[in-house]
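Here's the letter readout for the chains.
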Amino acid sequence: MKNVFIYSNNDANSLKAKNELKALLEKENITVKDDFSSDIELVIAIGGDGTFLRAIKASDYSDVLILGINTGHLGFFADYSPNQLDEVVKVCTSDNYLIQSYKTIKTEVETKDSKIILDPAINDIYVKHGLSSIIHLDLSIGDSFIESMAGDGLLISSSAGSTAYNYSLGSSIVDPRLDLLQIKPVAPSNNAVYRSITSSLLVPGNENIVIEPKDVNDTVIVVDGNENKIEDVKKIIITLQDRVIKIIRKPDYKFWNKVRTKFI
């Protein structure tokens, strides 16, 4: 690899690791850039999982390898730590690593006047009310109507996102080798008026999920933590697309070992 883009948060430990890594890479005649460009072969994200997702966005979701160095808390996407910078340099000078590919989520929003394609999501899409109140949504999977739900909203997560907010809501962890989307109602209402599904639904990756807000003009669609407030939403179509994110993993990486060390 000749050109590397390092994306770091502003934490002191992250900036220290960035400077040390930059010096090590330049000793190997590898050019380190502070901004993304078309000749970048590897993106290195230094921080937590949020920084990792922001690094992907800063790279315009391009078809480029990305490696994580964890200076945050959970660090599920990152395989390396600041005391393993020599191993990171070896990644740049050899091919002794694994590549884990995650499909991204596409969100198309139909409003009264237009169609909007939001940024791809790696983890999840959360549809909720713009105010702190109950939202009413019609949910369909493909051509099949499922329910009219009331509650805080609906979370749609990928296999990659199954260990994020989805897991906090009590839903299933999914092996990333499975191409699927998981639908989880968030604080659904269940009473004499509204009966909502409370468990998560697993949907094949080639199926469309269709959400229709029923009574709000200020729907908020949260894409990997980034809020998009959109007025007059008629329909939200969510699909798993072929566009992938390629994450560098250590040669001995195993997903379920990662789950055990991070969650159990």
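For the structure itself, consult the block above.
Residues numbered from 1 in each chain as written. Predicted model: local features only at pLDDT ≥ 70, side-chain atom pairs only at ≥ 80, totals over all residues. Heavy atoms only, no water.

Student: So, the packing of helix α1 (residues 12–27) against helix α3 (residues 85–93): which residues are in play, and what are the values?
Tutor: Where α1 contacts α3, the axes come no closer than 10 Å and their chain directions differ by 45 degrees. By the angle class used here, α1 and α3 are oblique. Relative to α3, the crossing made by α1 is right-handed. Contact residues: Ala17, Glu20, Leu21, Leu24 and Leu25 in α1; Leu85, Asp86, Val88, Val89 and Cys92 in α3. For the contact of α1 with α3, the per-class residue count stands at eight nonpolar, no polar and two charged. (Axes fitted to C-alpha atoms, helices over the stretch in contact; angles between N-to-C directions. Helix = DSSP H or I, 4+ residues; strand = E, 2+ residues; numbered from the N terminus. Parallel < 35°, antiparallel > 145°, perpendicular 65-115°, else oblique. Left-handed = near helix turned anticlockwise from the far one by under 90°. Contact = heavy atoms within 4.5 Å. Nonpolar A, V, L, I, M, F, W, Y, C, P; charged D, E, K, R; others polar.)

Student: Which residues make up the packing of aromatic side chains, and what are the values?
Tutor: Remark: the centre distance and the inter-plane angle together describe each pair of aromatic rings, the angle taken between the planes. Summed over the entire model, instances satisfying the criterion amount to nine aromatic pairs. With centroids separated by 6.1 Å and ring planes inclined at 85 degrees, the aromatic side chains of phenylalanine 77 and tyrosine 102 adopt a geometry described as edge-to-face. With phenylalanine 77 in the loop between β4 (65–70) and α3 and tyrosine 102 in strand β5 (residues 98–111), the pair connects residues that are 25 residues apart, well separated along the chain. Each member of the pair phenylalanine 77 and tyrosine 102 is classed as buried. Site record: aromatic cluster; members linked through ring pairs are Phe76, Tyr167, Phe255, Trp256 and Phe263. When the ring centre of tyrosine 80 is taken as origin, the NZ or CZ atom of lysine 250, which lies over that ring, is 5.2 Å away. (Phe/Tyr/Trp six-rings, centres within 6.5 Å; stacked < 30°, edge-to-face > 60°. Buried < 20%, exposed > 50% of the residue type's maximum accessible area, 1.4 Å probe, protein only. Lys NZ or Arg CZ within 6 Å of the ring centre and 35° of its normal.)

Student: Give a description of the pattern of salt bridges that names residues and reports values.
Tutor: Taken as a whole and assessed by the stated rule, the structure comprises 13 salt bridges. Of the charged contacts in the structure, one is a salt bridge between aspartate 119 and lysine 57, with a shortest N-O distance of 3.6 Å. Of this pair, aspartate 119 sits in the loop between β6 (115–117) and β7 (124–129) while lysine 57 sits in helix α2 (residues 49–58), and the two are 62 residues apart along the sequence. On the basis of relative accessibility, which here comes to 38%, the residue lysine 57 falls in the partly exposed class. For the salt bridge of aspartate 63 with lysine 246, the shortest nitrogen-to-oxygen distance reads 3.0 Å. Here aspartate 63 is found in the loop between α2 and β4, whereas its partner lysine 246 is found in strand β16 (residues 233–249), with 183 residues between them in sequence. You can call aspartate 63 exposed: its relative accessible area is 59%. The network of salt bridges with shared partners includes Asp79, Arg249 and Lys258. (Salt bridge = Lys/Arg side-chain N within 4 Å of Asp/Glu carboxyl O.)

Student: An account of the sheet that holds strand β14 (residues 218–223) is requested, with residue identities and associated values reported.
Tutor: Within a sheet, neighbouring strands are paired by backbone hydrogen bonds and run either parallel or antiparallel to one another. Strand order across the open sheet formed by six strands is β12-β11-β10-β7-β14-β15, with antiparallel pairing between neighbours. At either margin of the open sheet sits one strand with a lone partner, and together these are β12 (201–204) and β15 (226–231). Put simply, the sheet's adjacent strands are angled 20 degrees from each other on average, direction ignored. Bridge analysis of β7 against strand β10 (residues 153–157) gives five bridges, and the strand direction is antiparallel. For tyrosine 126, the partnering residue across the bridge sits in β10 and is leucine 155. (Pairing = 2+ DSSP bridges.)

By themselves, these figures tell us nothing about what the structure is for.
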